[in-house]
Amino acid sequence: MLLSSKGKHRRPSKAVRIATLAGVTGAAVAVPLMGATGASAASVETWDAVAQCESGGNWSINTGNGYYGGLQFSQSSWAAAGGTQYAARADLASKDQQIAAAEKLLDLQGPGAWACAGAGGLTNDGVDPGVDTGSEKNGDTAPQAAPERKAEQPTTRSEKRTAPKETVTTPTGGKVEKGDGEYKVKTGDTLSKIADAKKVKGGWEKLFDLNDDIVDDADLIFPGQQLHLK
């Protein structure tokens, strides 16, 4: 964790405490207070190691103990390092944004700002982590409109059925489509009889509607045709 006066963690440096009391939220003002002469830097791998020790590597952690994010920033250190340009608290910022703020805090206070500096091997090694902080503050990005869905064209029942178009022969020698329904028409059947026997809700009209792709005339169905009942 960062900048605690209790236990193993470090007390805030004079410069950070002055910056916080003065309401300074950007590192650009805090750096001159420290009299720093050059930027510090550490690799992403080093920051990962520090975060693993500080928070178990959980970059969005907020346990309510006053320290936030993977590198366990206090709110004052987050503000002093310019982190509020990314998010209100460290746990609300991305990993890259937290590392960018940590780089500034490293420049302000050195590795001693982190109790886990030793465990992570944190030094001012001058390595540019090359993080991408993004161009907008977290939470301020306007929601993107969902892509417009093209209207789907209705599909007819006959298009949905994929069974081969077989035929049956009528008593006069003609050909009609057989269909692929679950009921096979027998001699003497009518739509009305079938609807009554199979308890088709809506009667023969519904049965005719269900099979209008193979039945052209409600009074003409032929043995061997296979009708849908639902």
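Residues numbered from 1 in each chain as written. Predicted model: local features only at pLDDT ≥ 70, side-chain atom pairs only at ≥ 80, totals over all residues. Heavy atoms only, no water.

1. Points about the side chain of threonine 46
Here is step 1 of the chain: Within the secondary structure, threonine 46 is located in helix 3 (residues 44-55).
Here is step 2 of the chain: Those residues within four positions of threonine 46 in sequence are excluded, and the remaining contacts are Gly120, Gly121 and Leu122. (Helix = DSSP H or I, 4+ residues; strand = E, 2+ residues; numbered from the N terminus. Contact = heavy atoms within 4.5 Å.)

2. Examining the packing of helix 3 against helix 5 (residues 95-109)
Here is step 1 of the chain: Close contact between helix 3 and helix 5 brings their axes to 11 Å; oriented N to C, the two are set at 95 degrees. The angle between helix 3 and helix 5 places the two elements in the roughly perpendicular class. Side by side, helix 3 and helix 5 meet where Val44, Trp47 and Asp48 of the first sit next to Lys95, Ile99, Ala102, Glu103 and Leu106 of the second.
Here is step 2 of the chain: Classifying every residue of the contact of helix 3 with helix 5 gives five nonpolar, no polar and three charged. (Axes fitted to C-alpha atoms, helices over the stretch in contact; angles between N-to-C directions. Parallel < 35°, antiparallel > 145°, perpendicular 65-115°, else oblique. Nonpolar A, V, L, I, M, F, W, Y, C, P; charged D, E, K, R; others polar.)

3. Observations concerning the nonpolar core
Here is step 1 of the chain: Trp47, Leu71, Phe73, Trp78, Leu105, Trp114 and Leu122 are the most contacted members of the largest nonpolar core, which totals 27 residues.
Here is step 2 of the chain: For this core, the secondary-structure elements that each account for two or more residues are helix 3 and helix 5.
Here is step 3 of the chain: Take this core: its biggest share by element is seven residues, from helix 5.
Here is step 4 of the chain: Among the nonpolar cores identified, the runner-up in size contains twelve residues, and Val185, Ala195, Val215 and Leu229 belong to it. (Core = buried A, V, L, I, M, F, W, Y, C linked by side-chain atoms within 4.5 Å. Buried < 20%, exposed > 50% of the residue type's maximum accessible area, 1.4 Å probe, protein only.)

4. Thoughts on the confidence of the model for the chain
Here is step 1 of the chain: With 67% of its residues at a pLDDT of at least 70, the chain reaches an overall mean of 74.
Here is step 2 of the chain: This stretch, residues 139-147, has a pLDDT under 50; its non-local contacts, to residues over four places away or in other chains, come to one contact. (pLDDT = per-residue confidence, 0-100.)

5. A word on the state of the cysteines
Here is step 1 of the chain: Applying the stated criterion to the full structure yields one disulfide.
Here is step 2 of the chain: The disulfide bridge from cysteine 53 ends at cysteine 116, spanning 2.1 Å between sulfur atoms. Looking down the S-S bond of the cysteine 53 and cysteine 116 bridge, the torsion is -60 degrees, so its handedness is left-handed. Taken as a pair, cysteine 53 in helix 3 and cysteine 116 in the loop between helix 5 and helix 6 (117-120) lie far apart in primary sequence, 63 residues in all.
Here is step 3 of the chain: Residue cysteine 53 is classed as partly exposed on the basis of its relative accessible area, which comes to 36%. (Disulfide = S-S within 2.5 Å.)

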